[in-house]
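The primary structure of each chain is shown beneath.
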Amino acid sequence: MDVKNQKYDHQSIESKWQKKWQEAKLDETNIEKAPKPFYNLMMFPYPSAEGLHVGNMYAFTGSDIFGRFKRMQGHNVFEPIGLDGFGIHSENFALKIGKNPMDQAKVSEKNYYRQLGVIGAMFDWSRTVETYDPNYYKWTQWIFVQMFKHGLAYRGKAEVNWCPSCKTVLADEQVVDGRCERCGNIVEKRLLEQWFFRITAYAEKLLQNTNTLNWSEKVLVAQRQWIGKKEGVIIHHKVKELDETLDAFSAYPAWLFADTFLVLAPDHPQVATLVKGTTYENEVLDYVKKYKNSKKSTRTKEDEKEGIFTGRYVTDPFSGNDMPVWLANFALMDFGTGIIRCSAHDPRDFEFAQKYKISLKEVVDREDVKTPVNAHENKGVLKDSGPFSGKSISPKLIHEMVEWIAEKKIGKKEINYHLRDWLISRQRYWGPPIPMIFCEKCAKEGKSWFTTEEVKPYIESIGGWPACQRLSAAMAGRYTVPEKDLPLELPYIKDYKPGDDGIAPLAKHKEFYEVNCPGCGNKARRETDVSDTFLDSAWYFLRYPSVGLDGKSSLLRAPKGDASRSDIAVGGLPWNPAITKKWLPVDMYTGGAEHSVLHLMYSRFITMALHDWGYLDFEEPFPNFYAHGLVIKDGAKMSKSKGNVVTPDEYIKLYGTDALRLYLMFMGPFDLGGDFRDSAMEGMSRWVNRIWRLRTAQTSSEQMQRALHKLVKKITEDTEKRRYNTAIAAMMEFTNLVSDQNGNLTPDLLKIFLLLLAPYAPHIAEELWEKNRGAFSIHQQPWPTFDSKYIKENQITIIIQVNGKLRDTLQVQADTGKEKSEIEKLAKENEKIKKYLEGQTVKKIIFVPGKLMNFVV
RNA sequence: GCGGACGUGGCGGAAUCUGGUAUACGCGCAUGCUUGAGGUGCAUGUCCCGCAAGGGGUGGAGGUUCAACUCCUCUCGUCCGCACCA
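Residues numbered from 1 in each chain as written. Chains lettered and ligands numbered in written order. Predicted model: local features only at pLDDT ≥ 70, side-chain atom pairs only at ≥ 80, totals over all residues. Heavy atoms only, no water.

You'll find chain A entered in an unreviewed UniProt entry as Leucine--tRNA ligase. The UniProt entry for chain A carries the following comment under Sequence similarities (unreviewed entry): "Belongs to the class-I aminoacyl-tRNA synthetase family." Check the Subcellular location (unreviewed entry) section of the UniProt entry for chain A; it says "Cytoplasm". (UniProt positions renumbered as here; feature names shortened; annotations may be inferred.)

Shown next, in the form of structure tokens:
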């Protein structure tokens, strides 16, 4: 017998079915009519390389198996795909290969979509989203406009990362330990005026809602950590000989009695006032100049301990003593008030005090600081071990201290968040131009969009006139590009490279930025920065179900104008409200934990804002989120520099899509990732061929029937919980059994097995389904059910232990296994057991019906 | 420093949620068969010590329990996130 002829020809069979499925529009969801919508979403890829990475395929396969499973369970599954191709990732790749990002986008799109087309996922190709499509970013700009109109977008000064060698602005993610990811040079900070989104306004809601989300725990923890809520107090300090108050923040109020000096951040706005006219003035200002805006990453160890006395003292409201005021660069303007009360408790403060010979207080026992009064009387300095105490102070004591402090009017309660406002502007080319206009004339006259007639409908939503006037003053001269003029298209330019001066490429194009002011009609200047790529991906899930419903969808794959769809035309919104109500929020979201903080936080923020403005009826876009693991290669992280990046293409060609899908899912638990090894890949290819060679017979043994029903139960449970690795192992066990029994399997039973296999290996399942006269398509069949009468064993194994150690097992009828006396009799007759019980007194017998008996002697 | 996850054969990993036959499934390896050879395919074996009977064994030390990979305490180690955070 020639085995070669029996080899599964994956290439022709897989492409045959891919074509048939496409022709049958098997994966195109009837968005309008679906009775049981299930929105199965996965994070769309950002093209930052030639093509798809095996890590992408890993994520998509894990998500797709779930989608296919849900479809067979009777849900109308919508599984969309698109490209997050606008922004810095794609731009950097284009720059690297010396191409215009706009040209490269088309090449990448073709490549990615070709690859995504052969990974066996049930993508609905009639509704793709590309973030660089003007019909998409029209609405990204629309969101920016709404943000501005609702007072959530503002201008402010901010530091940006600047690499002096690459002569470019870098995103935070591109700065690793203070150095440029690409060239290794130390990154500088430059203070520039930027656009921000006021995400901090939602800090509390973003935090509170984490309790309602069904997400992987580690992602929720990361989100809470990122928001970083800290409750504490602000203590007011009167400066001696000056009419000035210094406010310091503390999260550990039990220490406050121990503090002996104050430290300000070098860039604190009150520094100049403090030192004005003192003998220390010049020295301090030199210090400020040196350390202003310096971050840990750009400083040396010695710098960290540098400080300077301001020549001023404040009165400690707790003790009435004088406290010297110092400047030191370990105080950050970013946190709290930029002023620290310092004591011997903190190792950093302690070292600083030692160096500059600042007096400290004695340390007393923890027992003395159990209440605010105790703490006060003892001038309570905590002692745990040596001069430094841990920060483990009970929340109850903190609460009492805060109340006490508020009562004595020494300070006030304060909640501090680590979350910062979202810096949204980029001095780059490849992104949606920020749809704003600045008019100098209007600015001088104090006019802005907030003073126009158009503003009235929005007044209420931003809290009435006072808020509006405040915004008006801060936003003088600012107008949005009129909504009817959106999209504000990104022009094709030749000088798209980021400038060595930190100026956006579009700022060199008069024809782009010269516009008339929407307010006064005079010459004004259009914004030339583009928005952050995270804004593009913060709302794409809202778009997918509505793609095509406005008749002018995605550039490349727009459904041809369909008159029957005119009744649900979108009109003035990025999405169709009825469709959105039907399909959102997303039923299941799958993605990597690595960028789950930023992307998921921003998406939640945008959704909450849209909800508050009345555009959406839900606050949380992803009630269910599953974080998958990372694929590594031969024990090491995949990276271009190591040259160990696996591309799905070669493996699909060699072993087939199904084998690769199965292998990826078999490597390890889906939430933990796995190690990609070529030899193991071959093993999976062998199994696919074994499935191909499975033979059927006229009859099946009862054992086979039982095994199959158990398998149905196992695969159903494992797939639901996404334990794909153990599900595949169970299927392997089943095929091993079939081989052992020489193909003792009827076609009907084989077909049930194929149904279980279908979500995992869609092509071979379909082919074998057809060969066994199953009706097209296997993927539209209902998920099989099991009969519990086949699950119950009639022969069971009873474990016999002596003192908890396994000594023998008994094979008995299921009924017998429940009878204690019966089992005891059998066990005591057992030769092996007899040996262990001989000459011993049985003190106790533990019996678990149907499972085990344990003799305690 | 704070927070989280994890630690099981030569390797990836099962069993941990719900305490009850530790190492399922796969890789690798070994031997044999098939084959002109390589490959493929098939069969058998594969935690450790021991001829066997038996004994030991899930990073380490304790504890709870009739029984612990599983639960608890401590400890060591690895990985991830946050961090001059007051």
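Next comes the rest of the write-up.
If you trace the backbone, Asn624 turns up in strand β26 (residues 624–628). Asn624 sits 34 residues away from Thr590 along the chain, and the two C-alpha atoms are 8.6 Å apart. A distance of 2.7 Å separates the side chain of Asn624 from the side chain of Asn214, its partner in a polar contact. (Helix = DSSP H or I, 4+ residues; strand = E, 2+ residues; numbered from the N terminus. Polar contact = N/O pair within 3.5 Å; in protein donor to acceptor, adjacent residues only side chain to side chain.)

Okay, the state of the cysteines next. One pass over the structure, following the stated rule, counts zero disulfides. No disulfide involves Cys439; its sulfur sits 3.6 Å from that of Cys517, the nearest cysteine. Taking relative accessible area as the criterion, Cys517 reaches 4% and is therefore assigned buried. (Disulfide = S-S within 2.5 Å. Buried < 20%, exposed > 50% of the residue type's maximum accessible area, 1.4 Å probe, protein only.)

A few words now on the sheet that holds strand β17 (residues 411–416). Spatial ordering of the open sheet is given by β12-β11-β17, a layout of three strands whose pairing is antiparallel. Of all strands in the sheet, those bounded by a partner on one side alone are β12 (245–250) and β17. The average undirected angle you get between the axes of adjacent strands in this sheet is 30 degrees. Alignment of strand β11 (residues 230–238) against β12, held across six bridges, turns out to be antiparallel. What sits directly across from Ile235, in β12, is Ala248. (Pairing = 2+ DSSP bridges. Axes fitted to C-alpha atoms, helices over the stretch in contact; angles between N-to-C directions.)

Turning our eyes to something else, we now look at a negative patch on the surface. A surface patch of negative charge is lined by Asp815, Glu819, Glu822 and Glu829. Here Glu822 is to be found in helix α30 (residues 820–829). (Patch = residues over 30% accessible without salt bridge, like charges linked within 9 Å, V, L, I, M, F, W, Y side chains within 5 Å. Areas by Shrake-Rupley, 256 points an atom, 1.4 Å probe, with all protein chains shown as cover. Salt bridge = Lys/Arg side-chain N within 4 Å of Asp/Glu carboxyl O. Lys, Arg positive; Asp, Glu negative; His and termini not counted. Charge placed at Lys NZ, Arg CZ, Asp CG, Glu CD.)

Bringing the sheet that holds strand β22 (residues 514–516) into the picture now. Across the sheet, which stays open at both edges, the four strands sit in the order β21-β20-β23-β22 with antiparallel pairing between neighbours. Strand pairing shows two members of the sheet lacking a second neighbour, β21 (478–480) and β22, which therefore form its edges. If you compare each strand with its neighbour and ignore which way they point, the axes differ by 40 degrees on average. Relative to strand β23 (residues 523–526), β22 is paired through three bridges, and the arrangement is antiparallel. Paired with Glu514 across the bridge in β23 is Arg525.

Further remarks concern the nonpolar core. Counting 184 residues, the largest nonpolar core has Trp422, Ile606, Phe676 and Phe753 as its most contacted members. Contact partners of Phe676, with chain neighbours within four places excluded, come to Val54, Val631, Ile632, Lys633, Asp634, Val646, Tyr651, Leu660, Tyr663, Leu664, Met667 and Met681. The next biggest cluster of nonpolar side chains, apart from the first, holds 31 residues, and it includes Leu262, Val263, Val275 and Cys342. (Core = buried A, V, L, I, M, F, W, Y, C linked by side-chain atoms within 4.5 Å. Contact = heavy atoms within 4.5 Å.)

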